[in-house]
Amino acid sequence: MAALPIAFQAPNNPASSSSSAGNPIDLARLAQQTMGDASLETEVLRLFARQARQAMCEMADGDPDRCRRVAHRLKGAALAVGADNVANAAAAIEEQPTDAMLRSGLAAAVLDAELFILRLCR
């Protein structure tokens, strides 16, 4: 029997929140973006995880202008894969780039998405 596309496989991730079926990634939106191509879904998710991690590193210095730019870029990438929690947290950073609590929230959302992606793409 052939493996199901990623969009139809949901890893056990009870701690996650939002998006489709309570996952940090909206798998239906991802499938729509990749036309159901499972290998493309995996590639896109891995790329997003790397971009998100890099964005967090780029924001570490706390420079408000840089944080705003990086958060905007991360928001777009997150929306493209259906990572709504990441997108919402990044949008909040765009508005208040110096807020440490918002940055912590973004870090938590990124970590949640990364863990989900790791489980999904193993």
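The structure we're discussing is the one just above.
Parameters at a glance
Residues numbered from 1 in each chain as written. Predicted model: local features only at pLDDT ≥ 70, side-chain atom pairs only at ≥ 80, totals over all residues. Heavy atoms only, no water. Axes fitted to C-alpha atoms, helices over the stretch in contact; angles between N-to-C directions. Helix = DSSP H or I, 4+ residues; strand = E, 2+ residues; numbered from the N terminus. Parallel < 35°, antiparallel > 145°, perpendicular 65-115°, else oblique. Left-handed = near helix turned anticlockwise from the far one by under 90°. Contact = heavy atoms within 4.5 Å. Nonpolar A, V, L, I, M, F, W, Y, C, P; charged D, E, K, R; others polar. Salt bridge = Lys/Arg side-chain N within 4 Å of Asp/Glu carboxyl O. Buried < 20%, exposed > 50% of the residue type's maximum accessible area, 1.4 Å probe, protein only. Expected span 1.5 Å × (residues − 1). Polar contact = N/O pair within 3.5 Å; in protein donor to acceptor, adjacent residues only side chain to side chain.

Visitor: An account of the packing of helix α2 (residues 38–59) against helix α5 (residues 100–120) is requested, with residue identities and associated values reported.
Guide: Relative to each other, α2 and α5 sit at 155°, their axes nearing to 10 Å. Accordingly, the angle class assigned to the pair α2 and α5 is roughly antiparallel. In this structure, the crossing between α2 and α5 has a hand that is left-handed. Across the interface between the two elements, Leu45, Arg46, Phe48, Ala49, Ala52, Arg53, Met56 and Met59 from α2 touch Arg103, Leu106, Ala107, Val110, Ala113, Glu114, Ile117 and Leu120 from α5. Within the contact of α2 with α5, the residues separate by chemical class into twelve nonpolar, no polar and four charged.

Visitor: Hey, could you go over the pattern of salt bridges for me, with residue numbers and the actual values?
Guide: Counting across every chain of the model gives seven salt bridges. Measuring nitrogen to oxygen at the nearest pair gives 2.3 Å for the salt bridge that ties arginine 53 to glutamate 114. Within this pair, whereas arginine 53 is found in helix α2, its partner glutamate 114 is found in helix α5, the two being separated by 61 residues in sequence. Residues arginine 66 and aspartate 61 are paired through a salt bridge, measuring 3.7 Å at the closest nitrogen-oxygen approach. For arginine 66, a relative accessible area of 33% gives the class partly exposed.

Visitor: Can you lay out unusual backbone geometry for me, pointing to particular residues and giving the numbers?
Guide: A positive phi angle is found at methionine 35, which is not glycine, with a value near 55°. Relative to the helices and strands, methionine 35 is located in the loop between α1 (27–34) and α2.

Visitor: Provide a residue-level description of α5, including the pertinent values.
Guide: Residues three or four positions apart in an α-helix share a direction because the helix packs 3.6 residues into each turn. Its 21 residues place the ends of α5 30 Å apart at the C-alpha level, agreeing with the 30 Å of an ideal helix rising 1.5 Å per residue. Looking only at α5, the buried set comprises Leu106, Ala109, Val110, Asp112, Ala113, Glu114, Phe116, Ile117 and Leu120. Buried-residue contacts for α5 involve α1, α2, α3 (64–81) and α4 (84–95). Two to three positions downstream of the cap, the backbone nitrogen of methionine 101 sits 2.8 Å from a side-chain oxygen, assigning the N-cap of α5 to aspartate 99.

Visitor: Which residues make up the environment of glutamate 94, and what are the values?
Guide: Checked against the element boundaries, glutamate 94 lands in helix α4. Given a relative accessible area of 14%, glutamate 94 falls into the buried group. Taking C-alpha positions, glutamate 94 is 4.5 Å from arginine 68, a pair spaced 26 residues apart along the chain. Excluding residues within four positions of it along the chain, glutamate 94 makes contact with Arg68, Ala71, His72 and Lys75. Looking at glutamate 94, its side chain comes within polar contact range of the side chain of histidine 72, at 2.7 Å.

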